[in-house]
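These are the residues of each chain, in order.
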Amino acid sequence: MSAKSQKTEKVEQVPEEVSAPEAPSEIEGKRRIEMPPSLTVKQLADLLETSAIEVIKQLMRNGTMASINQVVDYDTAAIVVSDFGYEAVQAQKTISARKAKRDQPFQDADTRLQKPRPAVVTFMGHVDHGKTSLLDAVRQTKVTATEVGEITQHIGAYQVEVDGKKITFLDTPGHEAFTAMRARGAQVTDITILVVAADDGVMPQTIEAIDHARAADVPIVVAINKVDKRNANLQRVKQQLADLGLLCEDWGGDVVCVPVSAKKKKGIPELLEYLLIVAELEELKANPEGRAISAVIEAKLDKTKGPLATVLVQSGTLKVGDTFCVGDTWGKVKAMFDDKGKRLRKAGPATPVEVLGFGSVPQAGDILTVTASEREARNLTEKRQEDKRLGVIKPIRALTVSELSAQIRDGRMKELNIILKTDVQGSIEPIKTSLGRLSIGEVRVNVIHSGSGSITEGDVLLALASKGVVLGFNTSPEPGARQLADSEGIDIRCYEIIYKLVEDVEKVLKGMLEPTYVKVVEGHAEVRANFSIRGRNVAGVHVTDGKITRGSLARVMRSGEEVFESTASSLKRFKDDVKEVAAGFECGVIIEGFSEFEIGDIIEFYVKEKQ
C-alpha cells in the first residue's frame, strides 16, 4: 500500500475490556476469562487476580521466560489461564497482522483511555552513509530559531514537531544496539529509516540493517542520502533495494524512498512528512493516564550527577517525584530533562527524557516501572535481587536447537528462524535454496539474515532477539561472538558439508534432532614418570592447570598430536585413591587401555556436557 494513498484497511484495536466480567459465566465449573490477542504479564495477573510473580513462575514452568511488562500472545496466556483452573476465551475483535506479531509496549488494555502518540523512529544504515549528519539535519531543521546552534546537551533521543505533530527520534549507534535492546525485551521502535548513500549504494551493513529491521517487523522508510554528489545514482540504488525485496513507490512498490542531502539540508521536510503518513497508517496510540512504564535507551555514570539514564515513556505519564523500580535497582525521579536541557515536570507516552535519581546505572533495554511507594519499590527490588541470586530469574534467551526441535514437535512453534553465515557469498544461495525446500506441514524455515564472513556479535544478538539459531558454513564465530553466545545460551552450529547442515535443519523441523554435546576441558597434566604397579602401567604426572578427576575423559597428547583417547580409571596420591587432584600437585594416573606413556606427554582431562 502506498504511503500516499488513502488507507484501505482500518486497523482494529485491542478489545476495550480485558478485565474479568463483573458476573463471569461458568462453563463446566470453570470461570471464563476473555482475553485480547496479546497482553502483558501484569495484565494477565490482574485478570487472574493473582500476583505477577505467580504468573511468571507458571510461564517458566511452561518454558517461557518473561518479565512483568513483557507482552505474551493469546496461546501462551491461555495455557497459563488453564493452569490456574479457568477457561480462556479470545475476544472477538482482532488486530492487524503487523500489530498482532509485534510486541506492543505502548498498548494499553483499555482502548477507551488510549490517545494518539508520536511515532518513535530509529535511523539505521552503513557506517559512512551519513546517518549522523542526517540526524543532525533533521533535528536542527525543526528546532526554534533561538535554539539553533545553542543545543545544550544531547541525550540520545529527541523530538521534532512537524505540522503540529511530534516525531520521536532515537540516536542509536547502529543496528546491533537496536537489536540488543530488542533482545532485552524493549521493543521501542515504530519506524526504521534506512539511510543509503546515493554514490555508494547498498553495502553489507545496509543489508544487515534491513534484516534487523525486518526481524523486528517494523516498516522501513528509505532515505537516499548524498544526492548532491556528482556520482550519485538513484536508479542504481533503487534497483539494489528492489533486489533485496524493497520496491520503491515510484517503481510500483509500497516502500517510501526519499532523496535527501544532509549536507545541503534538502529533502528533510519531505522525509518528515512521509514519516507522519506512515505513522498515521500505523495508528499509534497509548494510554497517558496512570503510572508510567518506560524503556531505558542508554545509561551512564556522571561524575557530578551520579547515575543517569535516557528513558522513553511507553505508557502512563512519568513525573518528578515518582518512585520506580528498574532491573534490580530502584530510585526516585529527582529531575527530568529533554534533549535541549530543559527541565520537565512530566513526560507522556513516546517522550524521551533524561532522568536523574537512579540507585545504580541500569542497562539499556531495562523496563522502568513506577511504583506506589518507596517501600514497594524497595521490596520489589530486594525480591528481584534474591530471585536472581537463587537463579529463579534467568535472562531471556534464545532457545537451543534441541529446545526448538522439541517445541516444533509439540506444535508450539511454526517457524524456525535462522541466521546463516558462510565463508564466501557464493555459498549462500545454494544453502538458502536447499533450506527453502524443507517446509514440513505448517512449519517453515525462515532465513532472517545471511552473509559471508565470520560469525559476529551482531549475528548472536539477532538470534537472541528473534529466538533463532546461528548456522555457519566453513566459517567460525569471532571470540566476542562465542563469549556472548555462551553467556546468553545461543546455539551456534558450524558445518563443512552442505548436506549435513540441511539434514540437521530437517531433523529440527521433524522434531527428531538429538542433543549435541560440547567438550569442557577440566585441566591438563604433564607426564614426568612412567612405572608399573601390579602389572598396570601408571603415569606419574604433575597437574599444570585446572584439575583432573577420576572417571573423566582423557586425551594423551604427544608433540601436539593426539595419540590415544579414553578415560581416567584411577587416580592415586601416594598410596591413597583420590577423586580429584588440583593444579600444582602430583599424582599417579591410569588411562584405561593405554600403557605407552613417554616423558613430556600432556594429558588433557575433559567432560562432555549437553548443549
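Definitions and cut-offs
Residues numbered from 1 in each chain as written. Predicted model: local features only at pLDDT ≥ 70, side-chain atom pairs only at ≥ 80, totals over all residues. Heavy atoms only, no water. Helix = DSSP H or I, 4+ residues; strand = E, 2+ residues; numbered from the N terminus. Buried < 20%, exposed > 50% of the residue type's maximum accessible area, 1.4 Å probe, protein only. Salt bridge = Lys/Arg side-chain N within 4 Å of Asp/Glu carboxyl O. Pairing = 2+ DSSP bridges. Axes fitted to C-alpha atoms, helices over the stretch in contact; angles between N-to-C directions. Parallel < 35°, antiparallel > 145°, perpendicular 65-115°, else oblique. Contact = heavy atoms within 4.5 Å. Nonpolar A, V, L, I, M, F, W, Y, C, P; charged D, E, K, R; others polar. Arc of directions from axis to C-beta. Patch = residues over 30% accessible without salt bridge, like charges linked within 9 Å, V, L, I, M, F, W, Y side chains within 5 Å. Areas by Shrake-Rupley, 256 points an atom, 1.4 Å probe, with all protein chains shown as cover. Lys, Arg positive; Asp, Glu negative; His and termini not counted. Charge placed at Lys NZ, Arg CZ, Asp CG, Glu CD. Core = buried A, V, L, I, M, F, W, Y, C linked by side-chain atoms within 4.5 Å. Polar contact = N/O pair within 3.5 Å; in protein donor to acceptor, adjacent residues only side chain to side chain. Phe/Tyr/Trp six-rings, centres within 6.5 Å; stacked < 30°, edge-to-face > 60°. Lys NZ or Arg CZ within 6 Å of the ring centre and 35° of its normal. pLDDT = per-residue confidence, 0-100.

## A look at unusual backbone geometry
Residues other than glycine seldom take positive phi values, yet Glu 283 does so here, at roughly 50°. Along the polypeptide, Glu 283 turns up in the loop between helix H9 (268-282) and strand S13 (285-286). Using a relative accessible area of 11% as the deciding quantity, one classes Glu 283 as buried. One non-glycine residue, Phe 574, lies in the positive phi region at around 60°. Position of Phe 574 among the secondary structure elements: in the loop between strand S30 (561-573) and strand S31 (576-577). Owing to a relative accessible area of 76%, Phe 574 belongs among the exposed residues under this scheme.

## Digging into the pattern of salt bridges
Here the structure, examined in full by the defined rule, presents 18 salt bridges. In this structure, Asp 250 and Lys 238 form a salt bridge, with 2.5 Å as the shortest nitrogen-oxygen distance. Of the two residues, Asp 250 is situated in the loop between helix H8 (234-243) and strand S12 (257-259) and Lys 238 in helix H8; the sequence distance between them amounts to 12 residues. For Asp 250, a relative accessible area of 53% corresponds to the exposed category. A salt bridge links Glu 374 to Lys 332, with the shortest nitrogen-to-oxygen separation between them at 3.8 Å. Taken as a pair, Glu 374 in helix H10 (residues 374-390) and Lys 332 in strand S18 (residues 329-337) lie far apart in primary sequence, 42 residues in all. With a relative accessible area of 35%, Lys 332 lands in the partly exposed category. Taken together, the shared-partner salt bridges connect Lys 332, Glu 374 and Arg 378 into one network.

## Quick word on the pairing of strand S22 (residues 367-371)
Summarising burial for S22: 5 of the 5 residues are buried, a large majority. The two faces of S22 match: Ile 367, Thr 369 and Thr 371 on one face and Leu 368 and Val 370 on the other face are all buried. Inspection of the sheet shows strand S14 (residues 293-302) paired to S22 by 3 bridges, in the antiparallel sense. Of the residues in S22, the one forming a bridge with Ile 293 is Thr 369. One ladder, built from 4 bridges, connects strand S17 (residues 323-326) with S22; its direction is antiparallel. The residue of S22 that forms the bridge with Cys 325 is Thr 369.

## Here's the deal with the packing of helix H1 (residues 41-48) against helix H2 (residues 52-61)
Packing of H1 against H2 brings their axes to within 8 Å, and their N-to-C directions diverge by 110°. Accordingly, the angle class assigned to the pair H1 and H2 is roughly perpendicular. Side by side, H1 and H2 meet where Val 41, Leu 44, Ala 45 and Leu 48 of the first sit next to Ala 52, Val 55, Ile 56 and Leu 59 of the second. When grouped by side-chain class, the residues that make up the contact of H1 with H2 number 8 nonpolar, no polar and no charged.

## A look at helix H14 (residues 479-488)
Inspection of H14 places Ala 481, Leu 484 and Ala 485 among the buried residues, and these make up the whole buried set. One face of H14 carries all of its buried residues, which in axial projection span an arc of 100°. Across from the buried face of H14, at angles greater than 90 degrees, the exposed residues are Pro 479, Gln 483, Asp 486 and Ser 487. Where H14 is buried, its residues meet helix H13 (457-466) and strand S26 (492-495). Two residues or fewer after H14 comes Gly 489, characterised by a positive phi angle close to 75°.

## Some details on the sheet that holds strand S25 (residues 469-473)
The 4 strands are arranged S24-S23-S25-S26 in an open sheet whose pairing can be described as parallel. Each end of this open sheet is capped by a strand with a single partner; those strands are strand S24 (444-452) and S26. Neighbouring strand axes in the sheet, compared pairwise and without regard to direction, differ in orientation by 25° on average.

## Let's talk about a positive patch on the surface
Together, Lys 300, Lys 305, Arg 343 and Arg 345 make up a positively charged patch on the protein surface. Mapped onto the elements, Lys 300 comes out in strand S14. Relative accessible area serves as the criterion here: at 43%, Lys 300 is assigned to the partly exposed category.

## Description of helix H12 (residues 428-436)
Among the residues of H12, Ile 428, Ile 431 and Leu 435 are the ones counted as buried. On an axial view of H12, the arc spanned by its buried residues comes to 75°, and they lie on one face. Buried positions along H12 lie against strand S23 (415-422), S24, S25 and helix H15 (498-510).

## Observations regarding the nonpolar core
Formed by 30 residues in total, the largest nonpolar core has its most connected members in Ile 167, Phe 169, Ile 193, Leu 272 and Leu 275. Elements that contribute at least two residues to this core include exactly strand S7 (119-125), helix H5 (131-141), strand S8 (157-162), strand S9 (165-170), strand S10 (191-197), strand S11 (220-225) and H9.

## Brief notes about the side chain of Thr 329
With respect to the secondary-structure elements, Thr 329 resides in strand S18. On the accessibility criterion, Thr 329 (9% relative accessible area) is buried. A polar contact of 3.3 Å, which involves the side chain of Thr 329, links it to the side chain of Ser 360. Contact partners of Thr 329, with chain neighbours within four places excluded, come to Gly 359, Ser 360 and Thr 381.

## Side note on the sheet that holds S9
Spatially, the 6 strands line up as an open sheet ordered S8-S9-S7-S10-S11-S12, and their pairing is mixed. Two strands close off the open sheet at either side, each with one partner strand: S8 and S12. With direction set aside, neighbouring strand axes in the sheet form an average angle of 30°. Both S10 and S11 contribute to a ladder of 6 bridges, which runs parallel. Across the sheet, the residue bridging to Ala 197 is Asn 225, located in S11. Those strands touched by H9 are S7, S8, S9, S10, S11 and S12, and its axis lies near 100° from that of S9.

## Remarks on the packing of aromatic side chains
Overall, the coordinates contain 5 aromatic pairs when judged by the stated rule. One aromatic cluster is present, built from ring pairs that chain together Phe 123, Tyr 158 and Phe 169. Lys 305 extends its terminal NZ or CZ atom over the ring of Phe 337, reaching a point 5.2 Å from the ring centre.

## A few points about the confidence of the model for the chain
Across the chain, pLDDT averages 78, with 79% of residues at or above 70. Taken together, the stretch residues 92-109 has pLDDT below 50 and engages in 59 contacts with residues farther than four places along the chain or on a different chain.

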